[in-house]
Amino acid sequence: MTRKSAVTPWRWALSGALLGLLLSTLVFAPARWLSALVQRASAGQVLLQQASGTVWTGSARVTLTGGVGSQDSATLPGRLGWHLAPALTSARLTLNADCCLQQAWAMHLQPRWNGLRLTLSDAQSQWPASLLAGLGTPWNTVQPQGELNLSTQGLTLDWAAGRLQLSGAAQLDAMNLSSHLSTLRPMGSYRFSLTGGAPVMLALTTLQGSLQVSGSGQWVGGQLRFNGEASAVAEHQAALSNLLNLIGRRNGARSIIKVG
């Protein structure tokens, strides 16, 4: 009886030490663990470099690449900061980027049976178009320059049984775009709109410029279907010819865009 009583406190002490070590590991999990997770989840296309802090609160340099083995890469100016606050049935992720976000961008994650819901706060942000070149083909050929203005409104993404559903809206304005393929700078400004629902609706319009682009499409059952066309105003057809050849199938002065 005495021997059993003597052993029991040691067992409790060992269990307590192991529990404390586990909790300490979770609380102070280094940011590089998140970097490895993001790299695997994105197939090497999104890298969190020079990560500091913890999984829960930290910052890193964000680099986009063409994936494993690609020589293309582009790094966001400055650092991206994050704060992840888990709760019993959900988590809140807040992102900050001095270069590009006017205010913190909050995202609410809710695990669900056989899926996940991600709700994004309404936000506005500005990103350098040159960042796209890091993703490889065809952006490494186009080498876009300009500014990408992204705004979201009531945007929610639901993953269930391997299917993605969207509600709300997002708008991307590509302002004063230019390309390595044309001497004309800038070529124009364009708006890409996404409206959630069944199906998700897509629209592309020209705001202003010598390169005229338009189109519409749908995201149906995980498949993108998009039809559009591009053309150049008469006085700049020669300067934009190479780019029109790349955008789609040439049909006289027009370039026909078809996806799906």
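Residues numbered from 1 in each chain as written. Predicted model: local features only at pLDDT ≥ 70, side-chain atom pairs only at ≥ 80, totals over all residues. Heavy atoms only, no water.

(A) Here's a closer look at the overall build of the chain. A count of helical and extended segments in the chain gives four helices and 16 strands. When burial is assessed residue by residue, the chain has 33% of its 260 residues classed as buried. Counting contacts in the chain only where the partners sit at least 6 residues apart, residues at least 24 apart contribute 37% of the total. Counting only carbon and sulfur atoms, one obtains 59% of the accessible surface of the chain, whose full area is about 15,500 Å². (Helix = DSSP H or I, 4+ residues; strand = E, 2+ residues; numbered from the N terminus. Buried < 20%, exposed > 50% of the residue type's maximum accessible area, 1.4 Å probe, protein only. Contact = heavy atoms within 4.5 Å. Areas by Shrake-Rupley, 256 points an atom, 1.4 Å probe, with all protein chains shown as cover.)

(B) Molecular detail of the pairing of strand β16 (residues 254–259). In this structure, strand β14 (residues 223–232) lies alongside β16, joined through five bridges in antiparallel fashion. The partner of N227 across the bridge, within β16, is K258. Relative to β16, strand β15 (residues 249–251) runs antiparallel, the two being bridged by three bridges. In the sheet register, R249 faces β16, and the bridge partner there is I256. Count of turn residues in the β15/β16 antiparallel hairpin: two residues, of which G252 carries a positive phi of about 70°. (Pairing = 2+ DSSP bridges.)

(C) Fine view of the pattern of salt bridges. What the rule picks out here adds up to three salt bridges. Between D158 and R117 there is a salt bridge, with its nearest N and O atoms 2.7 Å apart. Of this pair, D158 sits in strand β9 (residues 145–160) while R117 sits in strand β7 (residues 115–120); the two residues are 41 residues apart in sequence, bridging distant segments of the chain. Accessibility expressed as a relative area gives 26% for R117, which makes it partly exposed. For R191, the salt bridge goes to D173, with nearest N and O atoms at 2.8 Å. Of this pair, R191 sits in strand β11 (residues 188–195) while D173 sits in strand β10 (residues 163–178), placing them 18 residues apart in sequence. Judged by its relative accessible area of 28%, R191 falls in the partly exposed class. (Salt bridge = Lys/Arg side-chain N within 4 Å of Asp/Glu carboxyl O.)

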